[in-house]
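# Inside the fold
Single-letter residue listing:
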Amino acid sequence: WISPALVLPPVNVVNDGQDVIKLLQGRLAHLQTKWTQTKTKLLQNRLLHGLNFKPWPKDGPERYSVRVDDNFRAHLQHLGAGQWLAYVLGPHKKLGHG
């Protein structure tokens, strides 16, 4: 459950971490287009319902999760001033979601 008073930080830039880059060049290459579309949506409107963009404190402070598709999510770290780093991309359950 997310508090209705939650204010998500702005999203101005999303950079892929080395682990995400490796995955998208390897076994998760099929997600490249969907991940690019997800990042575009985050930049346009981080509050879009379909993104399910939410805090992910299980990974630490300033960590968030976003839906890539029905099976995959990405976890991002807010670096401040709207700067984000995608540090992991994987199946919903593997990343600790339901």
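Structure first, text after, so check above.
A brief structural summary. In this text the structure is predicted, and so the values were computed from the model without any measurement.

Over its 13 residues, helix α2 (residues 32-44) extends 19 Å from the first C-alpha to the last, a length consistent with the 18 Å expected when each residue adds 1.5 Å. All buried positions along α2 are accounted for by W35, T38, K39 and L42. For α2, the buried positions fall inside an angular range of 95° around the axis, keeping them on one side. Residues of α2 that are exposed and point over 90 degrees away from its buried face: T33 and Q44. Contacts made by the buried residues of α2 are with β1 (13-16), α1 (18-25), β3 (63-67), β4 (72-80) and β5 (83-91).

This part takes up the packing of aromatic side chains. For the structure shown, the criterion picks out three aromatic pairs. With 5.5 Å between their ring centres and 65° between their planes, F53 and W84 make a pair best called edge-to-face. A residue pair is termed long-range when its members are at least 10 positions apart, and F53 in the loop between α2 and β2 (54-55) and W84 in strand β5 qualify at 31 residues. Each member of the pair, F53 together with W84, is buried. An aromatic cluster is present here, built from F53, Y64 and W84 joined pairwise through their rings.

The rules behind each value
Residues numbered from 1 in each chain as written. Predicted model: local features only at pLDDT ≥ 70, side-chain atom pairs only at ≥ 80, totals over all residues. Heavy atoms only, no water. Helix = DSSP H or I, 4+ residues; strand = E, 2+ residues; numbered from the N terminus. Expected span 1.5 Å × (residues − 1). Buried < 20%, exposed > 50% of the residue type's maximum accessible area, 1.4 Å probe, protein only. Arc of directions from axis to C-beta. Contact = heavy atoms within 4.5 Å. Phe/Tyr/Trp six-rings, centres within 6.5 Å; stacked < 30°, edge-to-face > 60°.

Keep in mind these numbers describe shape, not what the thing actually does.
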